[in-house]
Amino acid sequence: MDIQVTNKVIGTTETLFDDFDERPVDCDFVLPDYLPDIAAVLKCIMKPVVQSKQISGDRLMVDGVANIRVLYLDEARKCVRSCEFSQPFTSTFNVKNLGIGACIRLDAKANYVNCRATSPRRLDIHGAFSVKLKITAEGGSEVVSSAKGEGVYTRTKPLYYTVPASSAEKPFTINEVLELGPGKLPAETLIRSDAAANVQDCKMMPGKVILKGVVLLCTLYANDTVAGTMDRVEHEIPFSQIVDVDGLDEEWLCDCRSDVTACDVHITQNPNGENVLLSVSIKLLAQVQCYRTGASEMITDAYLTSYPLKLETRRVETQQLLAIRKDVCPVKETLELPPEGVAGIVDMWCEATPVTTRCEEGGSAVDGRLLVSMLAKDGGGLISYYERPVDFVLEFSDKCSSMTVEFEVLGVEFGLNSQQMDIRVQIGVSRHCMMTDSCIAVTGMTADESAPFAKSEAEQRCALKIYFAGGGESLWEIAKNCHTSMEAVMEENGLAADVLSEDTMLLVPLC
């Protein structure tokens, strides 16, 4: 018997590489001459940044820098001082079969960092950070999508899938001169500057993507280091970039992001000679990763009415990317102040980390954790550093079976209320909402013509036979076991559904 089989490839996401390189940090630094001696270290912050990558054969080389900032107190202990150092690094990954359209994702995160002053002018720093690389590309699984031949019946299922399609990136720089703002005293020295980029709009065109967003810059500075008076200012700097993406189709889904790779801020004088301006140079890397969604029919079961049919099968698992969501979510919390008392808050910043994701029938949720860092003054004007972990939950209406989440802190507001502290954190949330599907697919079929189905004498004399079916039985399985077609059974018994809702006596046509 000749069965005409048509094969198709179901798209799958193939992970070509998923690993990390842990880099140690063991170094000591001497303070520049213009900074005062160290009386006490408040906090050491390490932020590794990937600046560039290069592919050479089977090797991917990543260059970056680990930025280290140490906040400390001088002998007066009334003003926060800051020193910054950088340590360049190179990570090399061995990658193979890096095909066209592969999506490369690099992330660098600090694991831990410890700092101590070995003398009033020298700092000893130990820590580690990880550079994580994940490469995905379009793969495929060949299955049987249709079969034709005398007496062959097939059951099919549509399968939806999403695969990486293309990726691109573009470095760019923002240069601005910003005013401290009305009512702000001139700056004497900078203490801390942090920048975060928020992509607010991503417009797709043939072959290119237009990104629009803002860089949120927060700067802490001292206007009188002797008196210990400090202030913080926030600025929003808009940006727009065009990123070329090979083969971009407007029906693709695109994940657009922009990472800050360097932030240089310096105090600048205005025409009157006052230090009320900030000269800002921020380097960013715009990144676009594109995904293509497709659908294909596949045979999940088949049989012949005259001969046994041997099926070759394979489990096929796919993920369909339903949506890429970009939200800015506020997190409000009230925290107890330290028991030793706080007269005022000098500065506050946060790190946000997704802990777990939950996809439920009514929607989805993310359990996250904030690490709140605070510089505070006591009644005598002395500075102390405090940390507080805060757990929070973000809920969304998206219905999906799995979800990946990334956080970016975009802004922090705070205020004192009696013996409590009110904080409001703006978190940029990037989510991939996915639906996972899995089934047994037929990959090949062969008829065994040497063992035809035998009919009893009664079956040879009759056109119908009676079958007593139980509730929950499948008409497909009944027809398969009786060597007839499911459509004939449904038509003969006036049924519209495949699964029987109750015990039923069926009239089964015989082929």
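Every value quoted in this text rests on a predicted model; they were computed, and no experiment measured them.

1. A look at the sheet that holds strand β1 (residues 4-30)
Sheets are built from strands paired through backbone hydrogen bonds, the pairs being either parallel or antiparallel.
Argument step 1. Reading across from one edge, β1-β6-β5 is the order of the three strands in this open sheet, with antiparallel pairing throughout. Whereas interior strands pair on both sides, the edge strands pair on one side only; in this sheet they are β1 and β5 (103-119). The sheet shows a mean angle of 10 degrees between the axes of neighbouring strands, direction not considered.
Argument step 2. Pairing geometry for β1 and strand β6 (residues 122-148), over 26 bridges, is antiparallel. Residue pairing in the sheet places D26 in a bridge with H126 of β6.

2. Some thoughts on the packing of aromatic side chains
To describe a pair of aromatic rings, you give the distance between the ring centres and the angle between the ring planes.
Argument step 1. Within the structure shown, the criterion is met by eight aromatic pairs.
Argument step 2. Centre to centre, the rings of Y303 and W476 are 5.0 Å apart; their planes meet at 65 degrees, and the pair counts as edge-to-face. On the criterion of sequence distance, the pair formed by Y303 in strand β12 (residues 277-304) and W476 in helix α2 (residues 475-481) is long-range, its members being 173 residues apart. Each member of the pair, Y303 as well as W476, is classed as buried.

3. Thoughts on helix α3 (residues 486-493)
Argument step 1. Looking at α3, one finds that the buried residues are M486, V489 and M490. All buried residues of α3 lie within an arc of 95 degrees about the axis, which places them on one face of the element.
Argument step 2. Contacts from the buried residues of α3 go to β7 (152-179), β12, α2 and β20 (504-509).
Argument step 3. Where α3 terminates, the next one or two residues include G494, which has phi positive at roughly 65 degrees.

4. Here we look at the pattern of salt bridges
Argument step 1. What the rule picks out here adds up to 32 salt bridges.
Argument step 2. Close ionic contact of R155 with D498 constitutes a salt bridge, the shortest N to O distance being 2.4 Å. Taken together, the positions of R155 in strand β7 and D498 in the loop between α3 and β20 put the pair 343 residues apart, joining distant regions of the chain.
Argument step 3. Judged by its relative accessible area of 27%, R155 falls in the partly exposed class.
Argument step 4. The partner of R257 in a salt bridge is D259, and the shortest N-O contact between them spans 2.8 Å.
Argument step 5. For R257, a relative accessible area of 16% translates into the label buried.

5. A short note on the sheet that holds strand β8 (residues 189-205)
Argument step 1. Strand order in the open sheet made by the three strands is β8-β9-β10, with antiparallel pairing throughout. Every interior strand has two partners, whereas the edge strands, β8 and β10 (229-244), have only one. For this sheet the average axis-to-axis angle between neighbouring strands, irrespective of direction, equals 15 degrees.
Argument step 2. Summarising the sheet, strand β9 (residues 208-224) and β10 pair through 16 bridges and their orientation is antiparallel. Each bridged residue has a counterpart across the sheet, and for K212 the counterpart in β10 is S240.

6. Topic: the nonpolar core
Argument step 1. Ranked by size, the top nonpolar core spans 34 residues in total, and within it V209, L211, V215, V245, V280 and V288 carry the most contacts.
Argument step 2. Among the elements of the structure, β7, β8, β9, β10, β11 (253-268) and β12 are those that each provide at least two residues to this core.
Argument step 3. Counting residues per element, this core draws most heavily on β12, at eight residues.

7. Structural notes on the pairing of β6
Argument step 1. Judged from the 15 bridges that link them, β5 and β6 form a sheet pairing that is antiparallel. Looking at the pairing, V113 lines up with G127 of β6.
Argument step 2. Hairpin connection of β5 to β6: two residues between the antiparallel strands.

8. Things to note about unusual backbone geometry
Argument step 1. The phi angle at R77 is positive, at roughly 60 degrees, despite the residue not being glycine.
Argument step 2. Considering the arrangement of structural elements, one finds R77 in the loop between β3 (59-73) and β4 (80-94).
Argument step 3. Despite not being glycine, H483 has its phi angle at roughly 60 degrees, a positive value.
Argument step 4. Mapped onto the elements, H483 comes out in the loop between α2 and α3.
Argument step 5. Judged by its relative accessible area of 26%, H483 falls in the partly exposed class.

Quick notes on the rules
Residues numbered from 1 in each chain as written. Predicted model: local features only at pLDDT ≥ 70, side-chain atom pairs only at ≥ 80, totals over all residues. Heavy atoms only, no water. Pairing = 2+ DSSP bridges. Helix = DSSP H or I, 4+ residues; strand = E, 2+ residues; numbered from the N terminus. Axes fitted to C-alpha atoms, helices over the stretch in contact; angles between N-to-C directions. Phe/Tyr/Trp six-rings, centres within 6.5 Å; stacked < 30°, edge-to-face > 60°. Buried < 20%, exposed > 50% of the residue type's maximum accessible area, 1.4 Å probe, protein only. Arc of directions from axis to C-beta. Contact = heavy atoms within 4.5 Å. Salt bridge = Lys/Arg side-chain N within 4 Å of Asp/Glu carboxyl O. Core = buried A, V, L, I, M, F, W, Y, C linked by side-chain atoms within 4.5 Å.

None of the figures reported here should be taken as evidence of function without further support.
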